[in-house]
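Read off the chains here:
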Amino acid sequence: TVGEVYDFMISELIEISNLLPENNGNYANKYAAHALLAKIYFQTNQLDLAIDQTNEVINSGIYALDNDSLFIHRFREQLSQEAIFTIVSTSNFDNRSGQFTGSYRSDINANPTLRASEELFDLVNIFGDEEDKRASWFELKNAGAENEFLAINKFNKEYFNIPLLHLTEMYLTRAESNIMKNGSVSAADVADINMLRNRASAGLISGVPSTEDMLEIIYNERSIELCFEWGDRFYNTRRLQKDIVAEGGNGAVSYTHLRAHET
């Protein structure tokens with residue numbers, strides 16, 4: 001059953017986290033196991049356990065958020081300091097990122113297979129196109145023409161490392177899990193999200209919003225920060241038990257905008 005599969009993964013990862021060292025070069029360490037456990041507990045609504053696992057990673061002191069403009073290039077040739085587990089590419093001849101570039105790359109491909117939705121583009125431009133650094137992940141092509149589309153710049157490189165698990169996701173997961181568990185918003189939850197907004201030069205959250213408003217903010221931040229990463233939008237749409245709407249044409253896909261308080 002689905003439950004048995006989850007139970008097996010959890011039991012394996014708990015054992016792995018006890019067996020792996022804290023530092024292991026390019027290979028998985030114990031915090032990679034904790035980060036993957038956090039994802040599983042989050043997806044299965046075991047919020048206490050999800051919070052515990054995110055804290056294991058965040059409080060380890062080993063990882064730090066990529067700041068300034070570096071986080072825009074989380075997918076890059078060099079190892080990211082916020083990457084918890086990375087699939088490493090060393091050259092065009094040892095390239096693990098080919099599926100990303102083949103599907104998304106827009107600088108040398110006038111007709112990329114996968115594109116961004118207008119909804120996501122509007123979300124990242126809510127503060128103005130010069131305000132949020134993450135807007136650089138998108139580019140309007142053929143503006144005003146019949147074949148106008150929104151290209152994705154996030155993977156416009158020859159090759160790059162793939163951070164499968166990273167600190168940004170841990171902060172997003174911790175904040176949402178805390179709010180869902182407690183039914184209220186704390187200053188610490190706001191601080192977690194403001195760290196991400198501050199480095200993106202996006203507008204900071206002032207005060208402590210209502211639970212409904214804060215969950216909406218976190219979901220939107222997750223949609224932007226993790227766009228096109230591992231189907232995160234898809235799995236969180238499923239987690240929130242909402243419909244998924246596909247838009248036809250050139251393989252373009254977008255999902256319905258979700259409101260966390262409707263779960």
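Residues numbered from 1 in each chain as written. Predicted model: local features only at pLDDT ≥ 70, side-chain atom pairs only at ≥ 80, totals over all residues. Heavy atoms only, no water.

**A word on the packing of helix H2 (residues 30–43) against helix H3 (residues 47–58)**
Then comes step 1: Running from N to C, H2 and H3 cross one another at 155°; their axes reach a closest spacing of 8 Å. The pairing of H2 with H3 is recorded here as roughly antiparallel in orientation. Handedness of the crossing formed by H2 with H3: left-handed. Contacts between H2 and H3 pair Tyr31, His34, Ala35, Leu37, Ala38, Tyr41 and Phe42 from the former with Leu47, Leu49, Ala50, Gln53, Thr54, Glu56 and Val57 from the latter.
Then comes step 2: Looking at the contact of H2 with H3, its residues break down into 10 nonpolar, three polar and one charged. (Axes fitted to C-alpha atoms, helices over the stretch in contact; angles between N-to-C directions. Helix = DSSP H or I, 4+ residues; strand = E, 2+ residues; numbered from the N terminus. Parallel < 35°, antiparallel > 145°, perpendicular 65-115°, else oblique. Left-handed = near helix turned anticlockwise from the far one by under 90°. Contact = heavy atoms within 4.5 Å. Nonpolar A, V, L, I, M, F, W, Y, C, P; charged D, E, K, R; others polar.)

**Quick word on the confidence of the model for the protein**
Then comes step 1: Taken residue by residue, the protein gives an average pLDDT of 89. The fraction at 70 or more is 91%.
Then comes step 2: Mean pLDDT values for the elements of the protein range from 84 in helix H9 (residues 232–239) up to 98 in H3.
Then comes step 3: Note on residues 248–263: pLDDT is under 50 here. Beyond four places in sequence and across chains, it has 39 contacts. (pLDDT = per-residue confidence, 0-100.)

**Some details on the environment of Ala64**
Then comes step 1: Checked against the element boundaries, Ala64 lands in the loop between H3 and strand S1 (83–87).
Then comes step 2: On a C-alpha basis, the gap between Ala64 and Thr168 in space is 9.3 Å, while along the polypeptide they are 104 residues apart.
Then comes step 3: Non-local contacts of Ala64, meaning those with residues more than four positions away in its chain, are made with Gln81, Glu82 and Leu167.

**Structural notes on the nonpolar core**
Then comes step 1: Counting 26 residues, the largest nonpolar core has Val57, Ile84, Leu167, Met170, Ile193 and Met214 as the members making the most contacts within it.
Then comes step 2: Secondary structure elements with two or more residues in this core: H2, H3, helix H6 (167–182), helix H7 (187–199) and helix H8 (211–225).
Then comes step 3: With six residues, H6 is the single largest residue contributor to this core.
Then comes step 4: Once you skip the residues sitting within four places of it in the chain, Ile84 turns out to touch Asn29, Tyr31, Ala32, Ala35, Val57, Tyr63, Leu165, His166, Leu167 and Met170.
Then comes step 5: In this structure, Ile72, Leu123, Leu150 and Ala202 belong to the second largest nonpolar core, which totals 22 residues. (Core = buried A, V, L, I, M, F, W, Y, C linked by side-chain atoms within 4.5 Å. Buried < 20%, exposed > 50% of the residue type's maximum accessible area, 1.4 Å probe, protein only.)

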